[in-house]
Amino acid sequence: MENTAESKAGNAMRHVVYDRFGDADVLRVESATIPEPGADEVLFRVSGAGLNPIDWKTRKGLGFVAKQIGDHLPWTPGFDAAGEVIAVGSDVTTLVPGDRVMGMVGFPASGGGYSEYVVARADELAIVPEELDLVTAGALPLAALTAWQALFEVAELEAGQKVLIHAGAGGVGHFAVQFALERGAHVIATASAGNRDFLAAFGVHEVIDYHTTDVVDECYGLDVVLDLVGGEAGKRSLHTLSEHGVLVTIPTVTADEIITAAEALGLRAHGMTVRPDVFHLEEIAELIEDGDVRVHIDETFTLDQVAEAHRLLEGGHVRGKLALDCRTR
């Protein structure tokens, strides 16, 4: 393992843990030993960590991650992190101490992002563009990769196609509208009236206020629907598709019922689970570097404010992303 002097200066760090499922009050900050990277791993000092809906759902014992970690508590949440490389394993040749990196870490069962230091596989980390500060970069990977993989791998969105993106102002949504626009699609997004200008600033062609308007009354013959809401919203959106269109639904809890409803109508619908992919992350970083995509941070919290951050996240209606500033105070 290649170390910097700094990584040897002390071996304690702070991180968030919970030892049982429950409300936000189960989250606490504790001290732990800084981990050492394995042969193909990197240790980095975390500047920023992203908060994602999967975090609060898992904390409450919901979803597939909770099933995997239930017998392995206490557990440190967080699948997004960005920071500065402190040490690299003996087999790592692509990164060196001092590099600014970001990645989707510990997915799905290890987690670990809500921490001052994280170990991650080198092949899951991308270099952070100079234009992006590290706290902001920490909020990017999971949401951006979800949007990218849903649109371009599962839905195979192409230039000139029409796409409806539910919850377009949210974490995944605000990336999805930008990626679709950059690809040359005609983009329609649902959002509250208060987010109309936010989405218009990205160049979204049509914004539908989901409080007052049914998408079925406004949209028809669509090539792609990206459903970030699930449930009835997803099922209703099937009626906006062309006969060759496809709906991709992200919430896993209602995916099966939406897919079944699509089959009954002779239409296509797919669920999906995001995965780490450094090549996709590098493509996204290039778009940020070129100024074609930006990350919107609605609010930033310290590690000690993690319970407050989770309550806001769980309440929904976050514009863009929430981030944890994990830097040592």
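Anything mentioned here points back to the structure above.
Report follows, based on the coordinates. A quick note: this is a predicted structure, and the numbers were derived from the prediction, not measured.

**Structural notes on the sheet that holds strand β11 (residues 206-209)**
- As summarised here, the arrangement of the six strands in space is β11-β10-β9-β12-β13-β14, forming an open sheet in which the pairing is parallel. Of all strands in the sheet, those with a lone pairing partner are β11 and β14 (268-271), marking the two edges. Averaged over all pairs of adjacent strands, the angle between strand axes in this sheet comes to 15°, irrespective of strand direction.
- Relative to strand β10 (residues 186-191), strand β9 (residues 162-165) runs parallel, the two sharing four bridges. The partner of valine 163 across the bridge, within β10, is valine 187.
- This element, helix α10 (residues 255-264), spans β12 (222-227), β13 (241-249) and β14 of the sheet and lies at about 165° to β14.

**Examining the packing of aromatic side chains**
- A complete count under the given rule lists nine aromatic pairs for this structure.
- Their ring planes at 75° and their centres at 6.2 Å tell us that phenylalanine 64 and phenylalanine 107 sit as a pair that is edge-to-face. Here the residue phenylalanine 64 occupies a position in helix α3 (residues 63-69), and phenylalanine 107 occupies one in the loop between β6 (100-104) and β7 (117-121), the gap between them amounting to 43 residues.
- On the basis of relative accessibility, which here comes to 18%, the residue phenylalanine 107 falls in the buried class.
- Ring geometry for phenylalanine 175 and phenylalanine 179: centres 6.1 Å apart, planes at 20°, overall stacked. Of the two residues, phenylalanine 175 and phenylalanine 179 both sit in helix α6 (residues 171-183), four residues apart, roughly one turn of that helix. The same class applies to phenylalanine 175 and to phenylalanine 179, which are both buried.
- When the ring centre of tryptophan 148 is taken as origin, the NZ or CZ atom of arginine 183, which lies over that ring, is 6.0 Å away.

**Brief notes about the packing of helix α5 (residues 141-154) against helix α11 (residues 278-289)**
- α11 packs onto α5 with a crossing angle of 100° between their chain directions and a minimal axis gap of 10 Å. As judged from the angle between their axes, α5 and α11 are roughly perpendicular. Packed against α5, whose contacting residues are Pro141, Ala144, Leu145, Trp148, Gln149 and Glu153, the element α11 presents His280, Leu281, Glu283, Ile284 and Leu287 at the interface.
- Here the contact of α5 with α11 is built from residues that sort into seven nonpolar, two polar and two charged.

**Re the pattern of salt bridges**
- Under the defined criterion, the tally for this structure stands at 17 salt bridges.
- In this structure, lysine 235 engages glutamate 232 in a salt bridge whose closest nitrogen and oxygen atoms are separated by 3.1 Å. Taken together, the residues lysine 235 and glutamate 232, both in helix α9 (residues 231-237) and three residues apart, mark about one turn of the helix.
- Note on glutamate 232: relative accessible area 54%, which makes it exposed.

Here is what the cut-offs are and how they apply
- Residues numbered from 1 in each chain as written.
- Predicted model: local features only at pLDDT ≥ 70, side-chain atom pairs only at ≥ 80, totals over all residues.
- Heavy atoms only, no water.
- Pairing = 2+ DSSP bridges.
- Helix = DSSP H or I, 4+ residues; strand = E, 2+ residues; numbered from the N terminus.
- Axes fitted to C-alpha atoms, helices over the stretch in contact; angles between N-to-C directions.
- Contact = heavy atoms within 4.5 Å.
- Phe/Tyr/Trp six-rings, centres within 6.5 Å; stacked < 30°, edge-to-face > 60°.
- Buried < 20%, exposed > 50% of the residue type's maximum accessible area, 1.4 Å probe, protein only.
- Lys NZ or Arg CZ within 6 Å of the ring centre and 35° of its normal.
- Parallel < 35°, antiparallel > 145°, perpendicular 65-115°, else oblique.
- Nonpolar A, V, L, I, M, F, W, Y, C, P; charged D, E, K, R; others polar.
- Salt bridge = Lys/Arg side-chain N within 4 Å of Asp/Glu carboxyl O.

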